[in-house]
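Spelled out from the first residue to the last, the chains are:
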Amino acid sequence: MKKFARFEDAPKGKVTIIEDFLPPPSQLVRKQETVRVTSEFTRSSIEFLKQEAQRANVPYEIMLRSLVDEYVEQHKLGQGH
């Protein structure tokens, strides 16, 4: 049986309600145009990405795409584009 935390000693006071600032779920993930490519990577790189992706609970292909996207954005910023 799961033990639940007890909050009797937690500070109590006035509750502040904040305005909902999050966009609707349909706008949280922006669909971007993608291009399918075939590439070769070292086995150790893919094994590392698969391990990290599993820990983050995302497909490794998405993690790889994000890695490349971040790399490109950093270099675009450095070139003044």
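Residues numbered from 1 in each chain as written. Predicted model: local features only at pLDDT ≥ 70, side-chain atom pairs only at ≥ 80, totals over all residues. Heavy atoms only, no water.

Student: Got a minute to help me understand the pattern of salt bridges in this structure?
Tutor: Once their charged atoms are close, side chains differing in charge can pair, the charge on each being opposite to the other. Overall, the coordinates contain two salt bridges when judged by the stated rule. Salt-bridge contacts for E52 lead to R55; the nearest nitrogen and oxygen are separated by 3.4 Å. With a gap of three residues between them, E52 and R55 both fall in helix α2 (residues 43-56), about one helical turn apart. For E52, a relative accessible area of 25% translates into the label partly exposed. Take R55: its relative accessible area is 69%, and that puts it in the exposed class. (Salt bridge = Lys/Arg side-chain N within 4 Å of Asp/Glu carboxyl O. Helix = DSSP H or I, 4+ residues; strand = E, 2+ residues; numbered from the N terminus. Buried < 20%, exposed > 50% of the residue type's maximum accessible area, 1.4 Å probe, protein only.)

Student: Sorry if this is basic, but what is going on with α2 here?
Tutor: Every α-helix winds through 3.6 residues per turn, so residues three or four apart in the chain are directed the same way. For α2, spanning 14 residues, the distance from its first C-alpha to its last is 20 Å, which sits close to the expected 20 Å at 1.5 Å a residue. Within the span of α2, buried status applies to I46, L49 and A53. Viewed end-on, α2 has its buried residues packed into an arc of 60°, placing them on one side of the element. Residues of α2 that are exposed and point more than 90 degrees away from the buried face comprise R43, S44, Q54 and R55. Where the residues of α2 are buried, they touch α3 (60-78). Following α2 by one or two positions, N57 has its phi on the positive side, about 60°. (Expected span 1.5 Å × (residues − 1). Arc of directions from axis to C-beta. Contact = heavy atoms within 4.5 Å.)

Student: So what exactly am I meant to see when it comes to the packing of α2 against α3 here?
Tutor: What describes two packed helices is the angle between their axes and the distance between those same axes. Relative orientation of the contacting elements α2 and α3 amounts to 105°, with a least axis distance of 8 Å. As far as their axial angle goes, α3 and α2 are roughly perpendicular. Residue-level contacts link I46, L49, K50, E52, A53 and A56 of α2 to Y60, M63 and L64 of α3. When its residues are assigned to classes, the contact of α2 with α3 shows seven nonpolar, no polar and two charged. (Axes fitted to C-alpha atoms, helices over the stretch in contact; angles between N-to-C directions. Parallel < 35°, antiparallel > 145°, perpendicular 65-115°, else oblique. Nonpolar A, V, L, I, M, F, W, Y, C, P; charged D, E, K, R; others polar.)

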